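Here is how the chains run, residue by residue.
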Amino acid sequence: AGLLALLAASEGRFRAAMLYLTLACFIDSSDGTLARWIDVSRWTPAFDGRKLDDITDYLNYVMIPVFMMHRFELVTAPWTPVLFLAIIASGYGFCNASAKTEDGFFTGFPSYWNVVVLYQYLLGWPTVVNALAVLVLSVLVFVPTRYIYPSKTKQHQALTLTLSILWGGAMLYLVIRIESPPVPLVYASLLYVLYYMGLSFRLHFRLPREPAQLP
């Protein structure tokens, strides 16, 4: 799915690229459950599925979306260096030993660059605004703030999962209608982003930190 997304992006087909990335996201959300159901560790004890998961996630959530920012001129010169910053920051984020906490949070901004590039395309903001967004989010990768992990964060999980499903359906519809997206729906979908960020910051400052995160 990642390769097909990359090929579609290189050919200038944004909608097809995003649909393949959506497929990759669906696979990513279900592969662990399937692996445990089949009991992969029993049949292939020398195979590290988590390592493969990190490799494919870095490809689908970082490299391909960042390439799309360049290919579709969402971030252009002289702001191109921020794309390298996003790649480096996410490389650190993926290798951070505390990237995922025991109590079900991400540490530092999760590399949701596939979401970022989609909103950049939908909103049509100036490239300097897009570059600034990439810069800020790249810096936030290094800031040890906890972000909710929808399928693992226990606080408000039912509401979060419900809103995540509704938001995911809306984003899929917007991808399908990418050439003429309903503008009200585009901006309405940002309410989920505000919910996600707001709840993350609220829980970060209200919940006790794990011992590993203390100075």
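Residues numbered from 1 in each chain as written. Predicted model: local features only at pLDDT ≥ 70, side-chain atom pairs only at ≥ 80, totals over all residues. Heavy atoms only, no water.

Asks: I'd love a proper account of the overall build of the protein chain, names of residues and values included.
Replies: For the protein chain, the count of helices and strands is 9 helices and 2 strands. Counting from the amino terminus, helix and strand elements in the protein chain follow one another as α-α-α-α-α-β-α-α-β-α-α. Compactness check: the protein chain gives a C-alpha radius of gyration of 18 Å against a globular reference of 17 Å for 215 residues, within 12% of the reference. For the protein chain, the C-alpha atoms occupy an extent of roughly 45 × 40 × 35 Å along the three principal directions. Sorting the 215 residues of the protein chain into buried and exposed places 37% on the buried side. Considering only intrachain contacts with a sequence separation of at least 6, the fraction spanning at least 24 residues in the protein chain is 78%. Of the accessible surface of the protein chain, which amounts to about 12300 Å², a share of 70% is contributed by carbon and sulfur atoms. Both charge centroids of the protein chain, one from 15 positive and one from 13 negative side chains, sit 6 Å from each other. (Helix = DSSP H or I, 4+ residues; strand = E, 2+ residues; numbered from the N terminus. Rg over C-alpha atoms; globule rule 2.2 N^0.38 Å. Buried < 20%, exposed > 50% of the residue type's maximum accessible area, 1.4 Å probe, protein only. Contact = heavy atoms within 4.5 Å. Areas by Shrake-Rupley, 256 points an atom, 1.4 Å probe, with all protein chains shown as cover. Lys, Arg positive; Asp, Glu negative; His and termini not counted. Charge placed at Lys NZ, Arg CZ, Asp CG, Glu CD.)

Asks: Lay out the nonpolar core in plain terms, naming residues and giving numbers.
Replies: Grouped together as the largest cluster of nonpolar side chains are 47 residues, with contacts concentrated most on Phe-14, Met-18, Met-68, Met-69, Trp-113 and Leu-118. A total of 7 residues in this core trace back to one element, the largest contributor, which is helix H6 (residues 113-123). Dropping the residues within four chain positions of it, Met-68 is found in contact with Ala-9, Phe-14, Ala-17, Met-18, Leu-21, Leu-74 and Val-117. (Core = buried A, V, L, I, M, F, W, Y, C linked by side-chain atoms within 4.5 Å.)

Asks: Can you lay out the pattern of salt bridges for me, pointing to particular residues and giving the numbers?
Replies: Throughout the structure, instances matching the rule amount to 2 salt bridges. For the salt bridge of Asp-103 with Arg-146, the shortest nitrogen-to-oxygen distance reads 3.4 Å. Taken together, the residues span a long stretch of sequence, with Asp-103 in the loop between helix H5 (81-95) and strand E1 (105-107) and Arg-146 in strand E2 (residues 146-148) at a distance of 43 residues. (Salt bridge = Lys/Arg side-chain N within 4 Å of Asp/Glu carboxyl O.)

Asks: Break down the packing of aromatic side chains for me, citing the residues and quoting the values.
Replies: Throughout the structure, instances matching the rule amount to 14 aromatic pairs. Here Phe-109 and Tyr-147 contribute two aromatic rings whose centre-to-centre distance is 6.3 Å and whose plane-to-plane angle is 80 degrees, an arrangement assigned as edge-to-face. Taken together, the positions of Phe-109 in the loop between E1 and H6 and Tyr-147 in strand E2 put the pair 38 residues apart, joining distant regions of the chain. Classification of Phe-109 by relative accessible area gives buried; the value is 8%. For Tyr-147, a relative accessible area of 0% translates into the label buried. In textbook terms, an aromatic cluster arises when at least three aromatic residues are bridged by ring pairs, as seen for Phe-106, Phe-109, Tyr-112, Trp-113, Tyr-147, Tyr-149, Tyr-196 and Phe-201. When the ring centre of Phe-105 is taken as origin, the NZ or CZ atom of Arg-146, which lies over that ring, is 5.5 Å away. (Phe/Tyr/Trp six-rings, centres within 6.5 Å; stacked < 30°, edge-to-face > 60°. Lys NZ or Arg CZ within 6 Å of the ring centre and 35° of its normal.)

Asks: Go over helix H1 (residues 2-10) with me, naming the residues and quoting the values.
Replies: Turning to H1, its buried residues number three or more, namely Gly-2, Ala-5, Ala-8 and Ala-9. Along the long axis of H1, the arc covered by the buried residues comes to 125 degrees, so they all point the same way. Tucked into the core, H1 has its buried residues touching helix H2 (14-38) and helix H4 (49-71). Directly beyond the C-terminal end of H1, a positive phi value near 80 degrees is found at Gly-12. (Arc of directions from axis to C-beta.)

Asks: Any details on the packing of H2 against H4? Residues and values, ideally.
Replies: The N-to-C vectors of H2 and H4 enclose an angle of 160 degrees; their axes lie 11 Å apart at closest approach. It follows that H2 is roughly antiparallel to H4 by the angle criterion. Relative to H4, the crossing made by H2 is left-handed. On H4, the residues that touch Phe-14, Ala-17, Met-18, Leu-21, Ala-24, Cys-25, Asp-28 and Asp-31 of H2 are Asp-53, Asp-57, Asn-60, Tyr-61, Ile-64, Pro-65 and Met-68. In terms of residue class, the contact of H2 with H4 is built from 10 nonpolar, 1 polar and 4 charged. (Axes fitted to C-alpha atoms, helices over the stretch in contact; angles between N-to-C directions. Parallel < 35°, antiparallel > 145°, perpendicular 65-115°, else oblique. Left-handed = near helix turned anticlockwise from the far one by under 90°. Nonpolar A, V, L, I, M, F, W, Y, C, P; charged D, E, K, R; others polar.)

Asks: Tell me about a nonpolar patch on the surface, and name the residues and values.
Replies: Together, Trp-79, Trp-125, Val-128, Val-129, Val-183 and Tyr-187 make up an exposed nonpolar region whose accessible area comes to about 550 Å². Structurally, the position occupied by Val-129 is in helix H7 (residues 127-142). Given the relative accessible area of 35%, Val-129 is considered partly exposed. (Patch = residues over 30% accessible without salt bridge, like charges linked within 9 Å, V, L, I, M, F, W, Y side chains within 5 Å.)

Asks: Go over H6 with me, naming the residues and quoting the values.
Replies: The buried fraction of H6 is high, at 9 of 11 residues. For H6, every residue scored as buried is listed here: Trp-113, Asn-114, Val-116, Val-117, Leu-118, Tyr-119, Gln-120, Leu-122 and Leu-123. Looking at the buried positions of H6, the neighbouring elements they touch are H2, H4, H5, H7, helix H8 (157-176) and helix H9 (183-206).

Note that all results are geometric; they support no functional claim without further evidence.
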